[in-house]
Amino acid sequence: INMPGVESLVAGLSKLSLGPLSGIERLKQRDVTEFAHLVIDELCGGNTFPAAQYQDVEDVHVIANTYHAFYKKVVGADLPKEKILEELKKGGVSDAASTLLCDAITSRLPDARRAAVIHASAIGHSHLVDFDWKLNLVLSSDKIANVQQPKLLVNLYLSDPRHPEKRDEVLVELSAQELEGLLSNFASINKAIQDLRV
């Protein structure tokens, strides 16, 4: 991988893995794969980690949080399998457990990437529920007798699932040039979204 910042990320992973990653060794070998998939389920927006299932393991929350952060960084940096294994080995994880942990995240990488994209794009809880538009033609103004400029008025109605009874209204007024620029931006946004689809 030749990406800016990957070296510092890998250095950060090494610091993270100096002690906590080796905590996985407290689990029985047969439980490592299930544990990894439960952590990945939580990472992908599924159920929270069922710590009660691992009552006999000391500091299971710390281990789960460590692997949650580790997998999140692996997905964010798009680390290859070899690099993941290397980081786990640096963290004091046995070869057998490293292989199981690495296989778990590589098998679920599309789901984890999709969840990361959704999480990164969630800039707010509000969403568009309805819109209305109209086109006005400005014939003149107080300074110019003959303008004849079209204006697009768009009412956007937004709802927040946390407050369903409240509905916000946003009014957008666009000239012909601003509308052309907006449509051009939408085309670029659509292309970027298509490129992100996993």
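Report on the accompanying structure. Every residue gets a number counted from 1 within its own chain, in the order that chain's sequence is written. Only residues with pLDDT of at least 70 are given local features in this predicted model, and only at 80 or more are side-chain atom pairs given and counted; all residues enter the totals for whole chains, interfaces and linings. Side-chain metrics rest on all non-hydrogen atoms present in the structure, leaving aside hydrogens and water.

Focus: the overall build of the protein
In DSSP terms, a helix is any run of H or I states spanning at least four residues, a strand is any run of E spanning at least two, and both are numbered starting from the N terminus. Looking only at helices and strands, the protein has seven helices and three strands in total. If you list the helices and strands of the protein from N to C, you get α-α-α-α-α-α-β-β-β-α. Exposure categories follow from relative accessible area, calculated using a 1.4 Å probe and restricted to protein chains: below 20% of the type maximum is buried, above 50% is exposed, and the middle band is partly exposed. The proportion of buried residues among the 198 residues of the protein is 29%. Sequence separation of at least 24 residues holds for 57% of the intrachain contacts in the protein that already meet a minimum separation of 6. To measure how exposed things are, a 1.4 Å probe is used in the Shrake-Rupley method; for residues, cover is taken only from the protein chains shown. On the protein, roughly 12800 Å² of surface is accessible, and the fraction owed to carbon and sulfur atoms is 55%. Contact between two residues is taken to exist if any of their heavy atoms lie within 4.5 Å; hydrogens are not considered.

Description of the sheet that holds strand S1 (residues 127-138)
As summarised here, the arrangement of the three strands in space is S1-S2-S3, forming an open sheet in which the pairing is antiparallel. Edge positions in the sheet fall to S1 and strand S3 (163-175), since each of these pairs with one other strand and no more. Averaged over all adjacent pairs, the angle separating strand axes in this sheet is 15°, with direction ignored. Between any two strands, at least two bridges found by DSSP are needed for them to pair. Across eleven bridges, the pairing between S1 and strand S2 (residues 149-160) is antiparallel. Opposite His127, over in S2, you have Ser159 as the bridge partner. The convention used is that axes are lines fitted to C-alpha atoms, helices contributing only their stretch in contact, and that angles between N-to-C directions extend from 0 to 180 degrees.

Quick notes on the environment of Ile40
Here Ile40 is to be found in helix H2 (residues 32-43). Using a relative accessible area of 0% as the deciding quantity, one classes Ile40 as buried. Contact partners of Ile40, with chain neighbours within four places excluded, come to Tyr71, Ala104, Ile105 and Arg108.

Some remarks on the packing of aromatic side chains
Two rings belonging to Phe, Tyr or Trp (six-membered ring only in the last case) form a pair when the distance between their centres is within 6.5 Å. Interplanar angles under 30 degrees mark stacking, angles over 60 mark edge-to-face geometry, and anything in between is tilted. Tallying each qualifying case throughout the model produces six aromatic pairs. On the numbers, 5.1 Å between centres and 70° between planes, the contact of Phe35 with Phe49 is edge-to-face. Here the residue Phe35 occupies a position in helix H2, and Phe49 occupies one in the loop between H2 and helix H3 (60-77), the gap between them amounting to 14 residues. Residue classification places Phe35 among the buried positions, given a relative accessible area of 0%. Seen in terms of ring centroids, Phe49 and Tyr54 are 5.7 Å apart; in terms of plane orientation they differ by 15°. Their pairing is stacked. Assessed through its relative accessible area of 10%, Phe49 is described here as buried.

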